[in-house]
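Fold and geometry: a report
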Amino acid sequence: METLTYDLVVLGAGAVGENVADRAVQGGLSVALVERELVGGECSYWACMPSKVLVRPAQVLHAARQVPGAAQAVVGAVDVEAVLAHRDYFTSNWDDRGQVRWVARAGIDLVRGHGRFTGYKQVTVTKKDGLVLINARHAVAVATGSDPDLPDIEGLADADPWTSRDATSVKDVPTSLAIVGGGVVAAEMATVFASLGCQVHVIARHGLLESMEPFAGERVTTSLRAMGVEVLLETATTGIHRTDCGVEVETTAGLIVADEVLIATGRTPRTTDIGIETIGGIPGHWLPTDDTLRVRGYDWLYAVGDVNHRALLTHQGKYQARAAGDVIAARAAGKRLLDEPWGQHVATADHASVPQVTFTIPEVASVGLTSHQASEAGFRARVVDYDLGGVAGAGVHANGYVGKARMVVDEDRQVVLGVTFVGQDVSDLIQAATVAVVAQVPLERLWHAVPAYPTLSEVWLRLLETYGRP
């Protein structure tokens, strides 16, 4: 067995693992990056990139139809073959050679194979041609991500259901698709497949996009129904069975028959087969960390990205990765840590400043706390709503623009706790909101951040006017 030694070993070469490794190398450490699938991971090949590329044509076509002059020039539906070909281009046809070249240029050593803990600061990698034992001088970082969580539904195990990977890598669009779930994946994939000419059924146990402000799910539900999607809310799925004719989905609202069924009911940590029990962990469990991303109870083990369950978003995982790579290098060199809130070596934003965009029609963009979360956290919060269609720039984007903005204000400190936008093109508004929340910009100062006219950003002025001067 070959034996290697590095300062840091990173399990998982997705976007998060790559960033941990890169920052550690920049900090002067030697790094082994272990990956059993494609370098670049879930986001590059099966999640963020392909899903957004798939939904974009539908968004563009919808937007064009809302603008007089452009609307008259738009005929027909999206070209399915062209959409899938563009998706293939963005995933490099599931070929990771470009990512491998980047890893090499960054000075990171790639070890291909399945990595498992076999001891203290020790990982054994099963390669095609044998085993490699890698010892870590300073740390091991787990960045293995998460897998779709398949719920305990009668018949599901034998029904060969789709997961998000199947949906985003689809080669032939089915005539009909049942989607079990009401979260982001369910909403985005319903939008995608409806735009590709598929009859879509969404079965949500409760509401749609329930973790967000209530109006977000309500407006996306209305839009999906306008696109021809059957959306069943407050509906449980009691059985799923594969037949010669497709899939039968038994629900409390009746039987749904479709060609395929997509399960989009959440995620589970990818810790089942990494040997975590060897070092005292529990397979299949999340790895809780402190704000420096160090796993609780260890001084050498880090968990970064989905696997720690802090914020299951690629951009947030990469944010964590920058902090983790820097702090691992700092600790190895005996340097002073900047681990106070908002310091270089902590992921403070994970707690109440997480931005997210749901790429549906309309888009949903949010950051920070919802009104309910602010109340639950004990803030004396005030909710300020504004009709986005009343902003002058909205009329430029779409004739009869429909949208809504909500700002949640901490009345005691006069700062913004959270913002939610629902409407066309609102994804471009969220960074300004994120800065306001993270920097805790006083409302009095926000009055001096003048929005350009006529743009959607004018909504900031309208929200402040609605709130009123302190």
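Going by the structure above, here's the rest.
Here is what the cut-offs are and how they apply
Sequence order as written defines residue numbering, which begins from 1 separately in each chain. Residues qualify for local features only when their pLDDT is at least 70, as the model is predicted, and side-chain atom pairs are given and counted only at 80 or more; totals for whole chains, interfaces and linings, by contrast, use all residues. Each side-chain value is derived from all of the structure's non-hydrogen atoms; neither hydrogens nor water enter the calculation. Comment: elements are numbered from the N terminus, with helices defined as DSSP H or I runs of at least four residues and strands as E runs of at least two. An expected span of 1.5 Å times one less than the residue number is assigned to each helix. Given a residue, its bend is the angle between the two axes fitted to the seven residues that end at it and to the seven that start from it. We call two residues contacting when some pair of their heavy atoms lies within 4.5 Å. DSSP-based pairing: two strands are paired if at least 2 bridges between them are found. Think of each axis as a best-fit line through the C-alpha atoms, taken over the contacting stretch in the case of a helix, with angles from 0 to 180 degrees between the N-to-C directions. Each angle is binned into one of four classes, with values under 35 degrees roughly parallel, values over 145 roughly antiparallel, values of 65 to 115 roughly perpendicular, and all other values oblique. Whether a crossing is left-handed or right-handed is set by the direction in which the near helix is turned from the far one by less than a right angle, anticlockwise for left-handed and clockwise for right-handed. Ten residues, namely Ala, Val, Leu, Ile, Met, Phe, Trp, Tyr, Cys and Pro, are considered nonpolar, four, namely Asp, Glu, Lys and Arg, are considered charged, and the remaining ones, Gly among them, are considered polar. Whenever a carboxyl oxygen of Asp or Glu lies within 4 Å of a side-chain nitrogen of Lys or Arg, that contact is scored as a salt bridge. Stacked, tilted and edge-to-face are the three classes assigned to paired rings of Phe, Tyr and Trp, where Trp is represented by its six-membered ring and a pair needs centres within 6.5 Å; plane angles under 30 degrees give stacked, over 60 edge-to-face, the rest tilted. As a reminder, the over-ring test applies to NZ of lysine and CZ of arginine, requiring each to be within 6 Å of the ring centre and within 35 degrees of the ring normal. We define a nonpolar core as any set of buried Ala, Val, Leu, Ile, Met, Phe, Trp, Tyr and Cys residues linked to one another through side-chain atoms lying within 4.5 Å. Summary of the burial criterion: residues with accessible area below 20% of their type's maximum are buried, those above 50% are exposed, and those between are partly exposed, where the area comes from a 1.4 Å probe applied to protein chains only.

Considering helix α3 (residues 48-64)
Helix length check: α3, at 17 residues, gives a terminal C-alpha distance of 24 Å against a target of 24 Å (1.5 Å per residue), a fit within 8%. Considering bend angle alone, the principal kink of α3 is centred on Arg56 and spans about 30 degrees; proline Pro57 follows within four residues of it. Taken together, the buried residues of α3 touch α2 (41-45), α4 (80-90), α6 (164-168), α7 (184-195) and β18 (363-368).

Focus: the sheet that holds strand β9 (residues 199-203)
Strand order in the open sheet made by the four strands is β10-β9-β8-β14, with parallel pairing throughout. Because the sheet does not close on itself, it has two edges, and the strands there are β10 (230-232) and β14 (260-263). Between one strand axis and the next, the sheet turns by 15 degrees as a mean value, whatever way the strands run. Bridging between strand β8 (residues 176-180) and β14 involves four bridges; their strand directions are parallel. Following the sheet pairing, Ala178 is matched in β14 by Val261.

Section: the packing of helix α1 (residues 15-26) against helix α9 (residues 314-333)
With their axes 7 Å apart at the nearest point, α1 and α9 run at an angle of 25 degrees to one another. One finds that α1 runs roughly parallel with respect to α9. Here α1 runs over α9; the crossing is right-handed. When α1 is examined against α9, the residues Ala15, Val16, Asn19, Val20, Arg23 and Ala24 are found in contact with a partner set consisting of Thr314, Gly317, Lys318, Ala321, Arg322, Ala324, Gly325, Asp326 and Ala329. The residue makeup of the contact of α1 with α9, split by class, is seven nonpolar, four polar and four charged.

Here we look at the pattern of salt bridges
A side chain of one charge can pair with a side chain of the opposite charge when the charged atoms of the two come close. Going through the model one piece at a time under the given rule, you end up with 22 salt bridges. Linked through salt bridges whose partners overlap, the residues forming this network are Glu37, Glu42, Asp147, Arg165 and Arg270.

Describing the packing of aromatic side chains
Per the stated rule, a full pass over the model turns up seven aromatic pairs. Ring centres 5.7 Å apart and planes at 85 degrees place the aromatic pair Tyr89 and Phe90 in the edge-to-face group. Their ring planes at 50 degrees and their centres at 5.8 Å tell us that Trp162 and Phe193 sit as a pair that is tilted. Remark: Phe193 occurs in helix α7 and Trp162 occurs in the loop between β7 (146-148) and α6; sequence separation between them is 31 residues. What links up through ring pairs into an aromatic cluster is the set Phe117, Tyr120, Tyr298 and Trp300. We note Arg165 situated over the ring of Trp46; from NZ or CZ to the ring centre the distance is 3.6 Å.

Points about unusual backbone geometry
Residue Pro362 follows Ile361 across a cis peptide bond; omega there is 5 degrees. With respect to the helices, strands and loops of the structure, Pro362 is situated in the loop between β17 (355-358) and β18. With omega at -5 degrees, the peptide bond leading from Tyr453 into Pro454 counts as cis. As for its position among the elements, Pro454 is in the loop between α13 (443-446) and α14 (459-467). The phi angle at Asn93 is positive, at roughly 55 degrees, despite the residue not being glycine. Locating Asn93 in the fold gives a position in the loop between α4 and α5 (97-105). In this structure, Lys121 is a non-glycine residue whose phi angle is positive, near 55 degrees. Relative to the assigned elements, Lys121 resides in the loop between β4 (114-119) and β5 (122-127).

Here we look at the environment of Val80
Checked against the element boundaries, Val80 lands in helix α4. Through-space distance from the C-alpha of Val80 to that of Leu301 is 46 Å; in sequence the pair is 221 residues apart. Sequence-distant contacts of Val80, that is, excluding residues within four places in its chain, are made with Val173 and Leu196.

Looking at the nonpolar core
Counting residues in each nonpolar core, the largest one holds 35 residues, and the members touching the most others are Ile179, Phe193 and Val200. Of all the elements in the fold, those that place two or more residues in this core are α3, α4, β8, α7, β9 and α8 (214-226). Here the element with the most residues in this core is α7; it accounts for seven residues. Sequence-distant contacts of Phe193, that is, excluding residues within four places in its chain, are made with Trp162, Ala167, Val170, Val173, Pro174, Leu177, Cys198 and Val200.

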